Amino acid sequence: MRLTCFATNTVGIPIARLELRHRRRARAEDGVRAARDTGLRISPVCPALCGTHDP
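Note that the coordinates shown come from a computational prediction; the quantities given were computed from them, not determined experimentally. (Residues numbered from 1 in each chain as written. Predicted model: local features only at pLDDT ≥ 70, side-chain atom pairs only at ≥ 80, totals over all residues. Heavy atoms only, no water.)

A. Layout of the overall build of the protein. Assigned secondary structure in the protein consists of two helices and zero strands. Counting all 55 residues of the protein, 7% fall into the buried class. Accessible area of the protein: about 5,100 Å², with a carbon and sulfur share of 56%. (Helix = DSSP H or I, 4+ residues; strand = E, 2+ residues; numbered from the N terminus. Buried < 20%, exposed > 50% of the residue type's maximum accessible area, 1.4 Å probe, protein only. Areas by Shrake-Rupley, 256 points an atom, 1.4 Å probe, with all protein chains shown as cover.)

B. Structural context of the pattern of salt bridges. Counted according to the given criterion, the structure contains three salt bridges. Close ionic contact of E19 with R23 constitutes a salt bridge, the shortest N to O distance being 2.5 Å. Remark: R23 and E19 occur in helix 1 (residues 15-37); sequence separation between them is four residues, near one turn of the helix. Look at R23 and you get partly exposed, because its relative accessible area is 39%. (Salt bridge = Lys/Arg side-chain N within 4 Å of Asp/Glu carboxyl O.)

C. Representation of helix 1 in the model. The terminal C-alpha atoms of helix 1 lie 33 Å apart, and with 23 residues this matches the ideal 33 Å at 1.5 Å per residue to within 8%. Positive phi appears at G39, one or two residues downstream of helix 1, with a value of about 100°. (Expected span 1.5 Å × (residues − 1).)

As structure tokens, this is what we get:
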């Protein structure tokens, strides 16, 4: 059995939408982590892709 709990102060958004938002963000973070692990951090475009650039 799998139980999921959300603790949020977001008002007016259905739980299913909050879960989707969380999963999308986690997937994006996993992509950045995988890119760094495969050596993308030494690429000249990495600061823009990896979120390490200063705006």
